[in-house]
Amino acid sequence: MNPTLTVKQFRALLPIICNRETSQSPDGWTKDNPLWGHCAAVSLLAQNIFGGELLRASLAEIPEFAFMRSHYWNRLKDGTVEDFTKSQFGNNYPLGLKAEVRNREYAVSYSETAKRYKLLAFRLAKVLNYPNSLFDDEIYKKCFYAALDSPCQKMKFGCVIMHKGLAVFECQNKTIEPLKSLCQPECIRFSIRSRTESMLGACGHAEEIALWETVHRGIPIHECDLYIAGLYSNGLPWFKKCAEHTCLRCAVQMYHAKIRNIHVPVFDRWEAISTEKAIETALAYATQNKKI
Ligand SMILES: [Zn+2]
Ligand SMILES: [Zn+2]
């Protein structure tokens, strides 16, 4: 179950997580107008949390704001229209905006927008889970960012492979082309009990992709540690309550690969488990002796 956040709570948190660094127009940003230049990044973040569509209008015909090129806002899943960064315009909200629906891929294709949106997503998770020292951990941050890029409709995972103190590979779960029909239109995993039947699904799991890529790159896998962290489909983090791995598919592959240790986020810290322990704990879920 996704952790919930209301529109009101989200709105209240925006001035806390938005700053000059996340503004598209840093020169115009002030403390008194914290949402200035944040429409695209905030709309992407809002779409994660509330679903629905991105709305966009050109600002080209509005002399005062033409330099910003466009304005984004949201139509939420329940149909309500929310402009979360409306306050940035003060009493001067641009009139006559012609809204068109834009897909997410278009908005994130601007790498600067994508970067700002991801930073906001990380900050939002951090304030919602404050205090949690994982948010000060560089490896956790890499896992979080990698997971945000996952196209999975159900859970997003980010994986980092560490070799001799260096992050040598990062990836996320993603669609395996020949299996993509299992995800169209809706992910088949929604009709299967979580952590069982782990081969059935369109997604390649982050751990297995990471193992193979590390091997292909000629990095000695038995000298590597694997870090894996999950996000719910709304982009908010999933922390474990005990040191365990819950996927037998990946646990078995990590065992054969002879990876050193698997690190999982338990509450506010990484905990290391062996591949044997990962199989043991994942087996309990696969056989439904333990349930998510
Ligand atoms: Zn998936
Ligand atoms: Zn797995």
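Just above sits the structure.
Quick summary incoming for the structure in this document. Bear in mind the structure is a predicted one, so any value in this text is a computation, not a measurement. (Residues numbered from 1 in each chain as written. Chains lettered and ligands numbered in written order. Predicted model: local features only at pLDDT ≥ 70, side-chain atom pairs only at ≥ 80, totals over all residues. Heavy atoms only, no water.)

### Comments concerning a nonpolar patch on the surface
Inference 1: A cluster of nonpolar side chains, contributed by Ile16, Val127 and Leu128, occupies part of the molecular surface with about 240 Å² of accessible area.
Inference 2: For Ile16, the position within the fold is in helix H1 (residues 7-17).
Inference 3: In this structure Ile16 comes out as exposed when scored by relative accessible area, which is 56%. (Patch = residues over 30% accessible without salt bridge, like charges linked within 9 Å, V, L, I, M, F, W, Y side chains within 5 Å. Areas by Shrake-Rupley, 256 points an atom, 1.4 Å probe, with all protein chains shown as cover. Salt bridge = Lys/Arg side-chain N within 4 Å of Asp/Glu carboxyl O. Helix = DSSP H or I, 4+ residues; strand = E, 2+ residues; numbered from the N terminus. Buried < 20%, exposed > 50% of the residue type's maximum accessible area, 1.4 Å probe, protein only.)

### Overview of the coordination of the zinc ion (ligand 1)
Working reference: metal with six octahedral donors, ideal angles 90 or 180 degrees; metal with four tetrahedral donors, ideal angle 109.5 degrees.
Inference 1: Around the zinc ion (ligand 1), the protein contributes the donor atoms Cys152 (SG) and Cys203 (SG), which lie 2.1 to 2.3 Å from the metal centre. Separated by 51 residues along the polypeptide, Cys152 in the loop between helix H5 (138-148) and strand S5 (155-163) and Cys203 in strand S8 (residues 203-204) bring together distant segments of the chain. Summarising the burial analysis for this pair, Cys152 and Cys203 share the class buried. (Donors = N, O, S within 2.8 Å, 3.2 Å for Na, K, Ca; no water.)

### Some thoughts on the nonpolar core
Inference 1: Counting residues in hydrophobic clusters, the biggest one holds 43 residues, and the most contacted among them are Phe10, Leu124 and Tyr140.
Inference 2: Within the residue set of this core, elements represented by two or more residues are H1, helix H2 (39-50), helix H4 (111-128), H5, S5 and strand S9 (224-232).
Inference 3: Per-element accounting of this core gives the leading share, nine residues, to H2.
Inference 4: Residue-level mapping places this core at the junction of two domains, with at least three residues from each of domain 1 (7-113) and domain 2 (133-286).
Inference 5: Once residues within four sequence positions are removed from consideration, Leu124 is found in contact with Leu5, Phe10, Leu13, Ile17, Leu45, Ile49 and Leu236.
Inference 6: Membership of the second largest hydrophobic core comes to 29 residues, among which are Cys159, Ile161, Ile221 and Cys224. (Core = buried A, V, L, I, M, F, W, Y, C linked by side-chain atoms within 4.5 Å. Domains from an automatic or database assignment. Contact = heavy atoms within 4.5 Å.)

### Let's talk about the coordination of the zinc ion (ligand 2)
Inference 1: Around the zinc ion (ligand 2), the protein contributes the donor atoms His205 (ND1), Cys247 (SG) and Cys250 (SG), which lie 2.0 to 2.3 Å from the metal centre.
Inference 2: Mapping the donors of the zinc ion (ligand 2) onto the primary sequence gives the spacing H-x41-C-x2-C. Taken together, the residues His205 in the loop between S8 and helix H6 (206-216) and Cys250 in helix H7 (residues 248-257) connect sequence positions 45 residues apart. As far as the burial class goes, His205 and Cys250 line up, both buried.

### Focus: the side chain of Thr22
Inference 1: With respect to the helices, strands and loops of the structure, Thr22 is situated in the loop between H1 and H2.
Inference 2: A distance of 2.7 Å separates the side chain of Thr22 from the side chain of His38, its partner in a polar contact.
Inference 3: Each residue touching Thr22, except ones within four places of it in the same chain, is listed here: Ile17, Gly37, His38, Arg116, Leu119, Leu120 and Arg123. (Polar contact = N/O pair within 3.5 Å; in protein donor to acceptor, adjacent residues only side chain to side chain.)

### Considering H6
Helical geometry: 3.6 residues make up each α-helical turn, so side chains three or four residues apart lie on a common side.
Inference 1: Listed as buried for H6 are Ala206, Glu207, Glu208, Ala210, Leu211 and Thr214.
Inference 2: In the core, the buried residues of H6 are packed alongside S5, strand S6 (166-172), S8, S9 and H7.
Inference 3: A positive backbone phi angle near 75° is found at Gly218, which sits one or two residues after H6.

### Let's talk about the side chain of Ser23
Inference 1: Among the structural elements, Ser23 can be located in the loop between H1 and H2.
Inference 2: At 3.0 Å, the side chain of Ser23 and the backbone nitrogen of Ser25 are in polar contact.
Inference 3: Here Ser23 is in contact with Trp29, Trp36, Gly37, His38 and Arg116, once residues within four sequence places are set aside.

### Quick look at the state of the cysteines
Inference 1: All chains considered together, the criterion is met by zero disulfides.
Inference 2: Cys39 provides the cysteine sulfur closest to Cys18, a residue in no disulfide bond, and the two sulfurs are 11 Å apart.
Inference 3: Overall, Cys18 belongs to the buried group, its relative accessible area being 3%.
Inference 4: The thiol sulfur of Cys183 is not disulfide-bonded, and the nearest other cysteine sulfur, from Cys187, lies at 4.1 Å. (Disulfide = S-S within 2.5 Å.)

### Remarks on H5
Inference 1: Restricting attention to buried positions, one finds in H5 the residues Ile139, Tyr140, Cys143, Phe144, Ala146, Ala147 and Leu148.
Inference 2: A distance of 3.0 Å separates the backbone nitrogen of Ile139 from a side-chain oxygen at the start of H5, and that oxygen is part of Asp137.

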